[in-house]
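The lines below spell out each chain.
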Amino acid sequence: PIPAQDAQARKIFLVGNPNVGKSVLFNALTGSYAVVSNYPGTTVEVSRGSAELDGGRVEIIDTPGMYSLRPITDEERVSRDILLSGEGTIVHVVDAKNLPRMLPLTLDLAMMGRPLVLALNLMDEARSAGVRIDTASLSRALGIPVVKLVATKGEGLSDLRALLSVEPPPPAPPHVPFSAPVEGALESLAAMVPSGAGRFWALHLLEGDPAVA
């Protein structure tokens, strides 16, 4: 269990594909102290720690690597279950040099109606590969804060800590149109959900997602 003084702390979830530097960022934010335990009923490990930000103490949860909110592996199921079971800010950590491949998960996370930050990690590798990212334009397009990082060197860490000191407002969910029958079903289902993320839940219900049901 997490320390008693952190039990009511605001939660920050680190989410992203495997090998994007989430664990390095987790260690940079939390320091040397962390609790690593198996998620109940699984052998999947989840790391939890705490950090002192300008806005007070927060709990940091390093979720297992995931590619989608439509889980295939045990790691993805655990990550999705953690996100669905707790409120807090989601930090989507991505490999900046492979941004187009990472953004579909960002858009899916944006539909959850939760505070969301996009962390562009491995910026040193991106620059070496000739990748240039206009973070201001990307932030406006997605409606969320965007920060550049090189977690292994601490680059951008102070910017991320400043962003996380105050919980950002949830983004306006992206709207992907479907055929008229599907849109009708989504509208009916979304109206039953007392949440700003009704379309997210409705989409997953239509897909037959048992966890969301």
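Each remark here, short or long, concerns the structure printed above.
Residues numbered from 1 in each chain as written. Predicted model: local features only at pLDDT ≥ 70, side-chain atom pairs only at ≥ 80, totals over all residues. Heavy atoms only, no water.

1. Examining the overall build of the chain
Okay, step 1: Scanning the chain from N- to C-terminus turns up eight helices and seven strands.
Okay, step 2: Since a compact globule built from 213 residues should have a radius of gyration of about 17 Å, the 17 Å found for the chain is in line with a globular shape.
Okay, step 3: Over its C-alpha atoms, taken along the principal directions, the chain stretches across nearly 50 × 45 × 30 Å.
Okay, step 4: Across the 213 residues that make up the chain, the buried fraction comes to 45%.
Okay, step 5: When contacts within the chain are restricted to residue pairs at least 6 apart in sequence, long-range pairs at least 24 apart make up 64% of them.
Okay, step 6: Charged side chains of the chain number 18 positive and 23 negative; the gap between the two group centres comes to 4 Å. (Helix = DSSP H or I, 4+ residues; strand = E, 2+ residues; numbered from the N terminus. Rg over C-alpha atoms; globule rule 2.2 N^0.38 Å. Buried < 20%, exposed > 50% of the residue type's maximum accessible area, 1.4 Å probe, protein only. Contact = heavy atoms within 4.5 Å. Lys, Arg positive; Asp, Glu negative; His and termini not counted. Charge placed at Lys NZ, Arg CZ, Asp CG, Glu CD.)

2. Things to note about the pairing of strand S2 (residues 35–38)
Okay, step 1: Here S2 runs beside strand S3 (residues 45–53); their pairing, made up of four bridges, is antiparallel. Note that in S3 the partner of Val35 across the bridge is Arg48.
Okay, step 2: Between S2 and S3, which pair antiparallel one after the other, the connecting turn spans six residues, and Gly41 there sits at a positive phi close to 80°. (Pairing = 2+ DSSP bridges.)

3. Remarks on helix H8 (residues 198–206)
Okay, step 1: Along H8, the residues that are buried comprise Gly198, Arg199, Phe200, Ala202, Leu203 and His204.
Okay, step 2: The secondary structure elements touched by the buried residues of H8 are helix H2 (74–85), helix H3 (99–110) and helix H7 (180–190).
Okay, step 3: Looking one or two residues beyond H8, the residue adopting positive phi is Gly208, at roughly 80°.

4. Describing the sheet that holds strand S1 (residues 10–15)
Either a parallel or an antiparallel arrangement is found when strands of a sheet pair, and the pairing is made through backbone hydrogen bonds.
Okay, step 1: Spatially, S2-S3-S4-S1-S5-S6-S7 is the arrangement adopted by the seven strands of the open sheet, whose pairing is mixed. A strand with exactly one partner marks an edge of an open sheet, and here the two such strands are S2 and strand S7 (146–148). Across the sheet, the mean angle separating the axes of adjacent strands is 25° when strand polarity is ignored.
Okay, step 2: The sheet contacts of H2 involve S1, S3, strand S4 (56–62) and strand S5 (89–95), and relative to S1 the element is tilted by about 155°. (Axes fitted to C-alpha atoms, helices over the stretch in contact; angles between N-to-C directions.)

5. A few points about the side chain of Thr63
Okay, step 1: The topology assignment puts Thr63 in the loop between S4 and H2.
Okay, step 2: Classification of Thr63 by relative accessible area gives buried; the value is 1%.
Okay, step 3: Within the structure, Thr63 has its side chain in polar contact with the backbone oxygen of Leu14 (distance 2.6 Å).
Okay, step 4: Each residue touching Thr63, except ones within four places of it in the same chain, is listed here: Leu14, Val15, Lys22, Ser79 and Ile82. (Polar contact = N/O pair within 3.5 Å; in protein donor to acceptor, adjacent residues only side chain to side chain.)

6. Digging into the side chain of Ser79
Okay, step 1: Mapping Ser79 onto the fold places it in helix H2.
Okay, step 2: Given the relative accessible area of 1%, Ser79 is considered buried.
Okay, step 3: Discounting chain neighbours no more than four positions away, the residues touching Ser79 are Thr63, Pro64, Gly65 and Met66.

7. Section: the environment of Val36
Okay, step 1: In this structure, Val36 sits in strand S2.
Okay, step 2: In this structure, the C-alpha to C-alpha distance between Val36 and Val46, residues 10 residues apart in sequence, is 5.7 Å.
Okay, step 3: Once you skip the residues sitting within four places of it in the chain, Val36 turns out to touch Glu45, Val46 and Ser47.

That's the geometry; what it means functionally is another story.
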